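One-letter residues, chain by chain:
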Amino acid sequence: MKPAPFHYTRPASLDAALAALAEYGDDAKVLAGGQSLIAMMNLRLVRPSALVDINRLAALSYIRESDGALAIGALTRQSAVEASGVVAAACPLITEAIRYVAHKPIRNRGTIGGNLAHADPTSELPAVAVALDASFTTQGPSGQRTITADDFFLGALSTALAPGELLTEVRFPRWPSGQGWSFMEISPRAGDYALVGVAATLEVQAGVCRSARLVYSGVGDRSTRVAAAEQALVGQPANQDSFRQAGEIAATQIDPSSDFHASADYRRDLVRALTRRALLQALERCQKGA
Ligand SMILES: Cc1cc2nc3c(=O)[nH]c(=O)nc-3n(C[C@H](O)[C@H](O)[C@H](O)COP(=O)(O)OP(=O)(O)OC[C@H]3O[C@@H](n4cnc5c(N)ncnc54)[C@H](O)[C@@H]3O)c2cc1C
């Protein structure tokens, strides 16, 4: 199918992009990589009156470290993030998870900002952003705002971005050395959206778990952090038993839906299995002094 008619503009500066968004009004859409937006327009699932193409805003494409954080411009292509040594050193969980995002040609075009702004509850990067306490910088009619990842994702395809507002940067606190991490998912085929994914982080001292973070994709209308499972790990020996117990707790705390791809019970089973496996991998990385 073809999209419904729309205005198109390709501004050369951030100010001009914000002005165009203001001019075209609430149903104007930002066009970044187009890997989700154009498909939805073709299927007439969205009918924006105008597209504001931000691909000329080269200033929004960068990866750098500043003030102890990893800063990634919203227009940075997913494949650039995947290949970046700076990202791998500062936040290895991102490097691990982004390889699960679609296929290489899609990552060559898709942007990190578009992926996060799209807010698909089965996406990998929103779960990673929540697990790592990322923060989002936006620019809009009322100036610049900073929004925590926890507050950014409101529901399926729904974020805290206000009308006329652009996501400009994502910041991840630098990964502390000695902690373990893992991202795992199960999908019908490589490159498909996952049935369930988990982003896990783990801090272990003298064999005892000091802190953990468990955030799941595909089990609700947004990335789902299960604090009860994290708390059950703290103060316990870091081993198969405590990891299995955390998986049991996580499986009871989530409320996944059944669909064409998987039943809710199967998704709970995946949460049990992936929690244990991801924590074991995170533990191995702790032990190697990751
Ligand atoms: C076959 C296929 C498989 C895929 N599999 C996966 C997968 O497994 N995991 C996954 O996470 N994704 C997957 N995707 C989606 C892919 O990662 C998209 O690239 C991504 O979700 C959107 O990024 P984009 O830059 O293409 O954004 P676009 O499609 O251009 O935009 C997406 C949405 O975000 C908004 N937006 C974009 N940039 C900004 C900004 N800077 N500020 C405010 N709003 C903005 C747009 O207005 C639009 O609403 C898949 C896509 C395809 C086609």
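Everything that follows concerns the structure shown earlier in this document.
### As for the overall build of the chain
The helix and strand inventory of the chain stands at 12 helices and 14 strands. Computed over C-alpha atoms, the radius of gyration of the chain comes to 19 Å, within 12% of the 19 Å expected from 2.2 N^0.38 for 290 residues, which places it in the range of a compact globule. Referenced to the eigenvectors of the C-alpha coordinate spread, the extents of the chain come out at roughly 60 × 45 × 35 Å. Across the chain, every contact between residues at least 6 apart in sequence was considered, and the portion connecting residues at least 24 apart equals 61%. By element, 50% of the accessible surface of the chain is carried by carbon and sulfur atoms, the whole surface being about 12800 Å². Across the chain, the 28 positively charged side chains and the 28 negatively charged ones have centroids separated by 5 Å.

### Considerations on unusual backbone geometry
Despite not being glycine, Ala-102 shows a phi value in the positive range, around 50 degrees. Here Ala-102 lies in the loop between helix H5 (92-98) and helix H6 (104-109). The phi torsion at Ala-206 lies on the positive side, around 50 degrees, for a residue other than glycine. Position of Ala-206 among the secondary structure elements: in the loop between strand S12 (196-205) and strand S13 (208-217).

### As for the packing of aromatic side chains
Tallied over the full model, the rule gives five aromatic pairs. Arranged with centres 5.5 Å apart and planes meeting at 45 degrees, the rings of Tyr-100 and Phe-183 form a pair that is tilted. Of this pair, Tyr-100 sits in the loop between H5 and H6 while Phe-183 sits in strand S11 (residues 180-186), and the two are 83 residues apart along the sequence. For Tyr-100, a relative accessible area of 32% translates into the label partly exposed. Relative to Phe-153, the ring of Phe-136 lies with its centre 5.8 Å away and its plane at 85 degrees, an arrangement referred to as edge-to-face. Of this pair, Phe-136 sits in strand S6 (residues 135-140) while Phe-153 sits in strand S8 (residues 153-155); the two residues are 17 residues apart in sequence, bridging distant segments of the chain. Overall, Phe-153 belongs to the buried group, its relative accessible area being 3%.

### Considering the sheet that holds strand S3 (residues 50-53)
Reading across from one edge, S1-S3-S2 is the order of the three strands in this open sheet, with parallel pairing throughout. Where the open sheet ends on each side, the last strands, each with one partner, are strand S1 (7-9) and strand S2 (29-31). Here the strands of the sheet are splayed against their neighbours by 25 degrees on average, with no regard to which way each runs. Two elements, S2 and S3, share three bridges in a ladder whose sense is parallel. Each residue of the ladder has a partner; that of Leu-31, found in S3, is Asp-53. Sheet strands in contact with helix H1 (residues 14-24) are S1, S2 and S3, and its direction is about 175 degrees off that of S3.

### So, the nonpolar core
Ranked by internal contacts, the top residues of the largest apolar core, which has 37 residues, are Ile-94, Leu-116, Phe-136 and Phe-172. For this core, the secondary structure elements donating two or more residues are strand S5 (69-73), helix H4 (85-90), H5, helix H7 (112-118), helix H8 (124-131), helix H9 (149-152), strand S10 (166-173) and S11. The element contributing the most residues to this core is H8, with six residues. Setting aside chain neighbours within four positions, we find Phe-172 in contact with Ala-69, Leu-70, Ile-72, Cys-91, Ile-94, Ala-129, Leu-132 and Ala-134. Counting 31 residues, the second-largest nonpolar core is a separate cluster that includes Tyr-216, Val-219, Ile-249 and Ala-251.

### Notes on the environment of Leu-93
Note on placement: Leu-93 falls in helix H5. It is 8.8 Å that separates the C-alpha atoms of Leu-93 and Trp-175, two residues lying 82 residues apart in sequence. Setting aside chain neighbours within four positions, we find Leu-93 in contact with Val-128, Ala-131, Leu-132, Trp-181, Ser-182, Phe-183, Ala-199 and Thr-201.

### Concerning the site of the ligand
In the vicinity of the ligand lie 30 residues, with Val-30, Gly-34, Gln-35, Leu-37 and Thr-111 positioned nearest. Contact between the ligand and Gln-78: an oxygen atom at 3.4 Å from a side-chain N or O atom of the residue. Interatomic distance of 2.9 Å between a side-chain N/O atom of Asn-115 and an oxygen atom of the ligand. Going through the elements one at a time, S2, H7 and S10 are the ones with two or more residues in the shell around the ligand. For the shell around the ligand, the leading source of residues is H7, giving four residues.

### What about the packing of helix H11 (residues 240-253) against helix H12 (residues 264-287)?
Interhelical geometry of H11 versus H12 gives an angle of 145 degrees and a closest axis separation of 8 Å. By crossing handedness, the relation of H11 to H12 is classed as right-handed. Counted together, Gln-240, Phe-243, Arg-244, Ala-246, Gly-247, Glu-248, Ala-250 and Ala-251 of H11 and Arg-268, Val-271, Arg-272, Thr-275, Arg-276, Leu-279, Leu-280 and Leu-283 of H12 form the full contact between these two elements. The residue inventory of the contact of H11 with H12, partitioned by class, reads eight nonpolar, three polar and five charged.

What counts, and where the lines are drawn
- Residues numbered from 1 in each chain as written.
- Predicted model: local features only at pLDDT ≥ 70, side-chain atom pairs only at ≥ 80, totals over all residues.
- Heavy atoms only, no water.
- Helix = DSSP H or I, 4+ residues; strand = E, 2+ residues; numbered from the N terminus.
- Rg over C-alpha atoms; globule rule 2.2 N^0.38 Å.
- Contact = heavy atoms within 4.5 Å.
- Areas by Shrake-Rupley, 256 points an atom, 1.4 Å probe, with all protein chains shown as cover.
- Lys, Arg positive; Asp, Glu negative; His and termini not counted.
- Charge placed at Lys NZ, Arg CZ, Asp CG, Glu CD.
- Phe/Tyr/Trp six-rings, centres within 6.5 Å; stacked < 30°, edge-to-face > 60°.
- Buried < 20%, exposed > 50% of the residue type's maximum accessible area, 1.4 Å probe, protein only.
- Pairing = 2+ DSSP bridges.
- Axes fitted to C-alpha atoms, helices over the stretch in contact; angles between N-to-C directions.
- Core = buried A, V, L, I, M, F, W, Y, C linked by side-chain atoms within 4.5 Å.
- Near = heavy atom within 4 Å.
- Polar contact = N/O pair within 3.5 Å; in protein donor to acceptor, adjacent residues only side chain to side chain.
- Left-handed = near helix turned anticlockwise from the far one by under 90°.
- Nonpolar A, V, L, I, M, F, W, Y, C, P; charged D, E, K, R; others polar.

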